[in-house]
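# Coordinate inspection notes
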Amino acid sequence: MTVRDALNSAIDEEMSADPKVFVMGEEVGQYQGAYKITKGLLEKYGPERVYDTPITEAGFTGIGVGAAYAGLKPVVEFMTFNFSMQAIDHIINSAAKSNYMSAGQINVPIVFRGPNGAAAGVGAQHSQCYAAWYASVPGLKVLAPYSAEDARGLLKAAIRDPDPVVFLENELLYGESFPISEEALDSSFCLPIGKAKIEREGKDVTITTFSKMVGFALKAAEKLAEEGISAEVINLRSIRPLDRATINASVRKTSRLVTVEEGFPQHGVCAEICASVVEESFSYLDAPVERIAGADVPMPYAANLERLALPQ
Amino acid sequence: VLDFPGGKVAFTHEIQFISESSQERVPCYSVLDDNGQQITNSHFVQRGSSGEDVSDMVTLQIMDNIYYEAQRQGRLSFYATTIGEEAINIASAAALISGDVIFPQYREPGLLLWRGFTLQEFANQCFGNKSDYGKGRQMPVHYGSNKLNYFTVSATIATQLPNAVGAAYSLKIDRKNACAVTFFGNGGSSEGDFHGALNLAAVMEAPVLFICWNNGWAISTPTSYQFRSDGVVVKGRAYGIRSIRVDGNDALAMYSAVHAAREMAITEHRPLLIEALTYRVGHHSTSDDSTRYRSAYEIEWWNKARNPLSRFRTWIESNGWWSDEAESDLRSRIKKEMLEALRVAEKSEKPNLKNMFSDVYDVPPPNLKEHEFVVRQTIKSHTQDYPSNVPL
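This one's a predicted model, so the numbers in the text were calculated from it and none came from an experiment. (Residues numbered from 1 in each chain as written. Chains lettered and ligands numbered in written order. Predicted model: local features only at pLDDT ≥ 70, side-chain atom pairs only at ≥ 80, totals over all residues. Heavy atoms only, no water.)

Tallying secondary structure elements over chain A gives 12 helices and 12 strands in all. Here chain A has a C-alpha radius of gyration of 19 Å; the compact-globule value for 312 residues is 20 Å, and the two agree. In terms of overall dimensions, chain A has a C-alpha envelope of 55 × 45 × 40 Å along the principal axes. Buried positions account for 58% of the 312 residues belonging to chain A. Surface accessibility of chain A: about 12200 Å² in total, with carbon and sulfur atoms responsible for 54%. (Helix = DSSP H or I, 4+ residues; strand = E, 2+ residues; numbered from the N terminus. Rg over C-alpha atoms; globule rule 2.2 N^0.38 Å. Buried < 20%, exposed > 50% of the residue type's maximum accessible area, 1.4 Å probe, protein only. Areas by Shrake-Rupley, 256 points an atom, 1.4 Å probe, with all protein chains shown as cover.)

What follows is the structure in structure tokens.
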């Protein structure tokens, strides 16, 4: 199943099961979704539940949050999370902090989803990764699927969750196909939020990463195996809450950590993982933690430069 | 005629720009004159005895005066008064039903008062004590009440506008006989959220009332620095929204306008914009001293000559529904109750330590449970350093 179909089926099933769930965003209806993630939903559920918004991220995000305050369960699509910067005040100040500020009187069962991070040849303003920004905020949950199973299980969990969830997809993964189990195809399938997955077991070094880089890490692990190095690859799945237990247990087994992300290097997700491991598993480390991240430059457009600005 | 996406448009063959302003400003709907007499031939929506309207306006005034003083005495950290805008608060409240959801800015406690929030409940929030529904999480005047359909005040300016549209959309989908009502100031109308909210409300055909209290000021910024349009009312048409300008200090006009707007919002599924012209008699908040940027004379004039409470009081007294005696009885009773509520709230314990960690998420996450445990351990070993007025 492709990641695109996984996401589409997840939204479809949740909308079918709960009439309060509705989708809104630019081009989600008539156009079938800028990346076709919401294909077929308008036809099936009608314009009240698949709402094509005007171009105002700040406006429609505020409206989505207000609808969630009033008891609906919006799934708000950003054409890319780069555009969420227009709406970030509502995500943080109207959604993330509301349950706390209202002392439990206002909960916000909303999902913000869309492609995050680098794509291919889209330039600096369409390529930033927002995982670190959103994951620093208490009150939000932040998820990053890799495979089709991740996409289905995590999106269904996100939609059912009473807290606001930021769901970071990857444009280049939409078309990628993954094997999928019978269990994952069931409409009640759900993955737990806050649990990482060990994609490949190993004993010499731990590699942690999320989203598209999981695929790279697995390929890297293959190459390392040829050189006699056994790498354990952890797919984080959840950036907030971060599965520190799984990460630390792995590092205590392997004694070495390489943490990978596509986003900017300073103050990234890797920095948090490094801090966690240094605080909790210091005496187990045989070497300093290595971080691999995108280059500390706005993403260039030219294909050769873009390739060099991202982990290879 | 040009057959354009969105509809036919007639041609003109002269270069003619639409003027930046009309010849005349949009007139202001009013019913009572400055002396509280009903203007001949004025239309308004009748509403029977208004004893509760005036007593709530009086209560609001007394509450503001007492709390302002309490802040000045150092008993409260912060307060923002609603002085001068009592009619907007109470008359709007009276025109709504309990099922209508309110999204306030921060100058609308009168609607909560109308709906039944008690003096003690107001006091508890201002002191952030253990009975505060907000569990001490927010500054004073950031009231909220689920059961009274009044969404907790969020200090961010104008963010409540698109939120209200979303809530209105939800009411529409659920086919409820109710609307969303949101308030904001003249300053708030400059925010990006104003634009997004009004535009979307019109497109979504959402039953929402946008009520702007244009009180002449945004802290020290006068309206001439805020916008160059004829106030806020003219912006409604730009979004395809029916609008009205009202004398915000005229309780009858305010009530009538909100009543009429509500009808249209619910039966026709449309948003409406009401610009209530008024004056912010008080300072922006206790962090402001408005005599630094405006004349004391101007403030006094509005407080005396166009006082919303005096005008309304004259009118209902002339109808036999109120009297000086009723007023002085009320004033002394409320003042006593208010001071007592303050005393009780001030003496109450603060919320206990666990409230620092709860409600971040629906279910407390392991890291916060652990954090709380570590804090409590630290307190046990350093009892002398822990503040005695924060209960464990």
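Before going further, it helps to spend a moment on empty space enclosed by the protein. Taken as a whole and judged by the stated rule, the model has six cavities of 30 Å³ or more. As a volume, the largest cavity reaches approximately 150 Å³. In terms of lining, the largest cavity is formed by 17 residues, of which the most central are Tyr69 and Ile106 of chain A together with Thr152, Val153 and Ser154 of chain B. Of all the secondary structure elements, the ones that give two or more residues to the lining of the largest cavity are α4 (88-96) and α5 (98-101) of chain A together with α5 (160-173) of chain B. Split by residue class, the lining of the largest cavity holds seven nonpolar, 10 polar and no charged. (1 Å grid on protein atoms, 1.4 Å probe; cavity = no way out; pocket = protein on both sides within 12 Å on 5 of 7 lines; lining within 4 Å. Points joined across faces, edges and corners; volume = space filled by probe spheres on them. Nonpolar A, V, L, I, M, F, W, Y, C, P; charged D, E, K, R; others polar.)

Within this model, the largest pocket holds a volume of roughly 920 Å³. In terms of lining residues, the largest pocket is bounded by 34 residues, among which Arg240, Pro241, Leu242 and Arg244 of chain A together with Asn367 of chain B are the most central. No other element matches helix α11 (residues 269-281) of chain A, which puts six residues into the lining of the largest pocket. Taken together, the residues of the lining of the largest pocket sort by class into 18 nonpolar, five polar and 11 charged. Per-domain counts for the lining of the largest pocket show at least three residues from each of domain 1 (3-185) and domain 2 (197-308) of chain A. Within this model, the second largest pocket holds a volume of roughly 280 Å³. Taken together, 13 residues make up the lining of the second largest pocket; nearest its centre are Phe216, Ala217, Ala220, Ile292 and Gln312 of chain A. Mapped by element, the contributors of at least two residues to the lining of the second largest pocket are β8 (205-209), α9 (212-226) and β11 (257-260) of chain A. The element contributing the most residues to the lining of the second largest pocket is α9 of chain A, with six residues. (Domains from an automatic or database assignment.)

Quick look at the pattern of salt bridges now. All names here are of chain B. In this structure the tally under the stated criterion is 44 salt bridges over all chains. Across the pair Arg47 and Asp53 runs a salt bridge, and its minimum N-O distance is 2.8 Å. Among the ionic pairs, Asp247 bridges to Arg311, the shortest N-O distance being 2.9 Å. Pair noted here: Asp247 is in strand β8 (residues 242-247) and Arg311 is in helix α11 (residues 308-318), with a separation of 64 residues, a long-range link. (Salt bridge = Lys/Arg side-chain N within 4 Å of Asp/Glu carboxyl O.)

Counted residue by residue, helix α2 (residues 86-95) of chain B has 10 buried out of 10 residues, so it is predominantly covered. Within the sequence span of α2 of chain B, burial applies to Glu86, Ala87, Ile88, Asn89, Ile90, Ala91, Ser92, Ala93, Ala94 and Ala95 of chain B.

Along the chain, Val374 of chain B falls in helix α13 (residues 366-381). Considering only alpha carbons, one finds Val374 of chain B and Gly74 of chain B, 300 residues apart in sequence, at a separation of 33 Å.

Counting 75 residues, the largest nonpolar core has Phe112, Tyr134 and Val166 of chain A together with Val165, Val208 and Phe210 of chain B as its most contacted members. Here the element with the most residues in this core is α5 of chain B; it accounts for eight residues. Lining this core are residues from two domains, each supplying at least three of them: domain 1 (3-185) and domain 2 (197-308) of chain A. When neighbours within four sequence positions are excluded, Phe210 of chain B is seen to be in contact with Leu161, Val165, Thr182, Phe184, Ala197, Leu198, Ala201, Ile241, Pro271, Leu272, Leu273 and Ile274 of chain B. Residues Met57, Ala70, Val153 and Met338 of chain B belong to the second largest nonpolar core, which totals 71 residues. (Core = buried A, V, L, I, M, F, W, Y, C linked by side-chain atoms within 4.5 Å. Contact = heavy atoms within 4.5 Å.)

Looking now at the pairing of strand β6 (residues 165-169) of chain A. All names here are of chain A. The buried count for β6 comes to five of five residues, which makes it a mostly enclosed element. Covered by surrounding structure in β6 are Val165, Phe167 and Glu169 together with Val166 and Leu168, the residues of both alternating faces. Where strand β4 (residues 111-115) meets β6, five bridges bridge the pair, whose relative direction is parallel. Of the residues in β6, the one forming a bridge with Val111 is Val165. In this sheet, β6 lies alongside strand β5 (residues 141-143) in parallel orientation, the contact comprising three bridges. (Pairing = 2+ DSSP bridges.)

We now examine the domain arrangement of chain A. Residue and element names in this part refer to chain A. Parsing chain A into structural domains produces domain 1 (3-185) and domain 2 (197-308). Of note, the centres of domain 1 and domain 2, computed from C-alpha atoms alone, are 26 Å apart. The partner domain 2 presents 23 residues to the 30 residues of domain 1 that form the contact. Between domain 1 and domain 2, a total of about 2000 Å² is buried, with carbon and sulfur atoms accounting for 59% of that surface. A per-residue breakdown of the area domain 1 buries against domain 2 is headed by Gly121, Ala144 and Tyr146, which together make up 24% of the total. Summed over the shared surface of domain 1 and domain 2, the result is two salt bridges. A salt bridge links Glu149 to Arg237; its shortest N-O distance comes to 3.6 Å. Here the residues of the side of domain 1 that touches domain 2 sort into 20 nonpolar, seven polar and three charged. (Buried area = accessible area lost by both parts, 1.4 Å probe.)

Strand pairing within a sheet occurs via backbone hydrogen bonds; the two strands may be parallel or antiparallel. Residues and elements named next belong to chain A. With respect to topology, five strands assemble into an open sheet ordered β7-β9-β8-β11-β12, the strand pairing being mixed. Of all strands in the sheet, those bounded by a partner on one side alone are β7 (197-200) and β12 (290-292). Pairwise comparison of adjacent strand axes, ignoring direction, gives a mean angle of 25° for this sheet. In terms of strand pairing, β8 meets strand β9 (residues 231-235) through five bridges, oriented parallel. Note that in β9 the partner of Val205 across the bridge is Ala231. Relative to β11, α11 is tilted by about 155°, and along the sheet it contacts β8, β11 and β12. (Axes fitted to C-alpha atoms, helices over the stretch in contact; angles between N-to-C directions.)

Moving on to the side chain of Asn307 of chain B. Residue and element names in this part refer to chain B. Relative to the assigned elements, Asn307 resides in the loop between α10 (296-305) and α11. Take Asn307: its relative accessible area is 10%, and that puts it in the buried class. Only 2.9 Å separates the side chain of Asn307 from the backbone oxygen of Asn303, close enough to count as a polar contact. Once you skip the residues sitting within four places of it in the chain, Asn307 turns out to touch Gln61 and Trp302. (Polar contact = N/O pair within 3.5 Å; in protein donor to acceptor, adjacent residues only side chain to side chain.)

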